[in-house]
Structures are given as C-alpha cells and as structure tokens.
Amino acid sequence: MTTDSIFIDHPARRLVVTLPRPYDAACEHFENLVPEADLHRFYQLGSWKATLELAEINGPHGFMRYYRSDVCALMAGSQSLWKATQYLMGDHVLAERAFREDAPAALHTPLPALIYADPDGDTKLVVDQPSLLFDSYGNPQIAEVGRELDARLAQLITLLGGVVPPQQHGG
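The shown structure was predicted, so the numbers you read here are calculated from the model rather than taken from an experiment.

### Some words on the sheet that holds strand E5 (residues 123–128)
Moving on, step 1. Taken in spatial order, the 5 strands line up as E1-E5-E4-E3-E2 in an open sheet, and their pairing is antiparallel. Looking at which strands have only one partner, the edges of the open sheet turn out to be strand E1 (14–19) and strand E2 (64–70). Strand-to-strand twist of the sheet, defined as the mean angle between neighbouring strand axes without regard to direction, takes the value 20°.
Moving on, step 2. Summarising the sheet, E2 and strand E3 (residues 83–90) pair through 6 bridges and their orientation is antiparallel. Considered in E3, the bridge of Asp-70 is made with Thr-85.

### Details of the environment of Ala-95
Moving on, step 1. Note on placement: Ala-95 falls in helix H5 (residues 92–99).
Moving on, step 2. For Ala-95, a relative accessible area of 13% corresponds to the buried category.
Moving on, step 3. Ala-95 sits 70 residues away from Ala-25 along the chain, and the two C-alpha atoms are 29 Å apart.

### A short note on the side chain of Thr-51
Moving on, step 1. Locating Thr-51 in the fold gives a position in helix H3 (residues 48–58).
Moving on, step 2. Taking relative accessible area as the criterion, Thr-51 reaches 8% and is therefore assigned buried.
Moving on, step 3. If near-sequence neighbours (up to four positions away) are discounted, Thr-51 is found in contact with Phe-42, Leu-45, His-92 and Val-93.

About the cut-offs
- Residues numbered from 1 in each chain as written.
- Predicted model: local features only at pLDDT ≥ 70, side-chain atom pairs only at ≥ 80, totals over all residues.
- Heavy atoms only, no water.
- Pairing = 2+ DSSP bridges.
- Helix = DSSP H or I, 4+ residues; strand = E, 2+ residues; numbered from the N terminus.
- Axes fitted to C-alpha atoms, helices over the stretch in contact; angles between N-to-C directions.
- Buried < 20%, exposed > 50% of the residue type's maximum accessible area, 1.4 Å probe, protein only.
- Contact = heavy atoms within 4.5 Å.

Here you go:
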C-alpha cells in the first residue's frame, strides 16, 4: 500500500459561448435540451442494459441534468448582482467508460456548466472543454470519452443557438 500523495498538473480551457436568448429563456431552453436525470428510475433498474436504454430516452441530446442551482438565490442579500444558474450535466453511461479505467475520472463527470447574464445583459454558457480534462489521465480509453463529450457539447452549443469556439475542435 502506498501512502504517498501526488499531484497532477493539467491544462484546462474554459469555453464562454454567447447564447442568443435572454437569460431566463436561455435557461429554459437549456433545461429542455438537457432534461433532469430520472435518478429514481435509474436506481430501480436491475440491469446495465436497462440503464443504457433509459439513458438514451432520458438524455436525447447526449446529456442529462444531475444538479441545478440558482446561484443568485444563494447570494441573496450580497453585493453580487449577477444572474446565474449552475448545472451539473452529463451521461453516466458514457462516464462509466472512463470510471472503469480510473476512478478519479469521475471527478470530471458530470460536467459543471454555468449560464449567466453579463453586465451588458448578454447571456453566456460557460463550461470547461471536456477533452483536455480527460486527456490528463494519460489513458486512450478515457481520452476517447473526453472527445465524445466534446462532440456532444458542440452539438448542444449549436442547439442552444451558440457558435462552437474553434478551439473546442481539437484539444
């Protein structure tokens, strides 16, 4: 048994994408495209095959929503004036492929995302580029999960009416 702690430096790229809808409408659109994961049903399933089938139904655009927080409500009474909603989104079926290779890969699944209104009133989606996070494990199977998440994220950005940053294509 090893008792040594280690650290791993890795690159990250934050994608900040302008969305065409006002903040509230953008959040609603995002939540329609990324439906809440039906955890109660997932917990009741008796096989991985059933999990695969439900995940495909529950996340038709490749992502499910595992968490939602109105950041503004948490900051009520503070000097912060931002409008912001934080999400955790992902697909635990895809995440399992990385997790089976290395448990710490679960640190990056689901992906944190934020929708906020900037001081000019423009709505932004912010998320770290998945492939850079998953590449840091030095495992081709885990890196492939990151590339698949990049592709799904690009599709989601397009569905939201945003423009996929060119840096998002190619790590």
